[in-house]
Amino acid sequence: MTAFASILHAGTLLVVNAILALLSAAIFIVLYATRPKVAASKGVLLWGLGYGAIALGFCILILPAFKVEFSYFVLLANLLIDAGTILTLFGVAIYLQRWGWELWALLPAAILG
């Protein structure tokens, strides 16, 4: 475990998460743009927008490394990541056409949030 801790740095993990979320957002939005008539396309759009919000949140968390500091950036970034997660959950539910008990995770998240 110590070897992993010396390799993995918090800043590196933020950058990797931002890049992966941005890549995922781009893929889903391009998929939506190229197949607009698919029945579940709104789910794919929400999925892409959710990953876009997550990517933006991680990008905001990276800003202090570039000497851009504002006390509310961390709160804004975490709210964007949470909103992106909710959008992604709704996008998956629409895409899979499952609107039942699968959305139970939003209740504890709303209570704790």
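Residues numbered from 1 in each chain as written. Predicted model: local features only at pLDDT ≥ 70, side-chain atom pairs only at ≥ 80, totals over all residues. Heavy atoms only, no water.

1. Side note on the overall build of the protein chain
Phase 1: Helix and strand content of the protein chain: 5 helices and 0 strands.
Phase 2: Listed by position from the N terminus, the elements making up the protein chain come as α-α-α-α-α.
Phase 3: The buried share among the 113 residues of the protein chain stands at 23%.
Phase 4: Expressed as a percentage of contacts within the protein chain between residues at least 6 apart in sequence, the contacts between residues at least 24 apart total 61%.
Phase 5: Just so you have it, the protein chain exposes about 8,100 Å², and 75% of that area is on carbon and sulfur atoms. (Helix = DSSP H or I, 4+ residues; strand = E, 2+ residues; numbered from the N terminus. Buried < 20%, exposed > 50% of the residue type's maximum accessible area, 1.4 Å probe, protein only. Contact = heavy atoms within 4.5 Å. Areas by Shrake-Rupley, 256 points an atom, 1.4 Å probe, with all protein chains shown as cover.)

2. Re helix 2 (residues 10–34)
Phase 1: Helix length check: helix 2 (25 residues) gives 36 Å between terminal C-alpha atoms against 36 Å at 1.5 Å per residue, within 8%.
Phase 2: Among the residues of helix 2, those classed as buried are Ala18, Ala21, Ala25 and Phe28.
Phase 3: On its buried side, helix 2 packs onto helix 3 (41–62). (Expected span 1.5 Å × (residues − 1).)

3. Digging into the packing of aromatic side chains
Phase 1: Under the counting rule described, the total for this entry stands at 5 aromatic pairs.
Phase 2: With a centroid separation of 4.5 Å and an interplanar angle of 15°, the aromatic rings of Phe28 and Trp47 are classed as stacked. A residue pair is termed long-range when its members are at least 10 positions apart, and Phe28 in helix 2 and Trp47 in helix 3 qualify at 19 residues. The same class applies to Phe28 and to Trp47, which are both buried.
Phase 3: Both rings, one in Phe28 and one in Tyr51, keep their centres 5.9 Å apart while their planes meet at 5°; by these two values the pair is stacked. With a gap of 23 residues between them, Phe28 in helix 2 and Tyr51 in helix 3 connect regions that are remote in the sequence. (Phe/Tyr/Trp six-rings, centres within 6.5 Å; stacked < 30°, edge-to-face > 60°.)

4. Here we look at the side chain of Thr88
Phase 1: You can see Thr88 is positioned in helix 4 (residues 73–96).
Phase 2: Among all residues touching Thr88, those that are not within four sequence positions of it are Leu46, Trp47, Gly50, Tyr51 and Ile54.

5. A short note on the nonpolar core
Phase 1: Ranked by size, the top nonpolar core spans 7 residues in total: Ala18, Ala21, Ile54, Ala55, Phe58, Ile62 and Ile81.
Phase 2: Residue assignment for this core shows that the elements contributing at least two residues are helix 2 and helix 3.
Phase 3: The element that contributes the greatest number of residues to this core is helix 3, accounting for 4 residues.
Phase 4: In this view, Ile81 contacts Ala53, Ile54, Gly57, Phe58 and Leu61; residues no more than four positions away in its chain are not counted. (Core = buried A, V, L, I, M, F, W, Y, C linked by side-chain atoms within 4.5 Å.)

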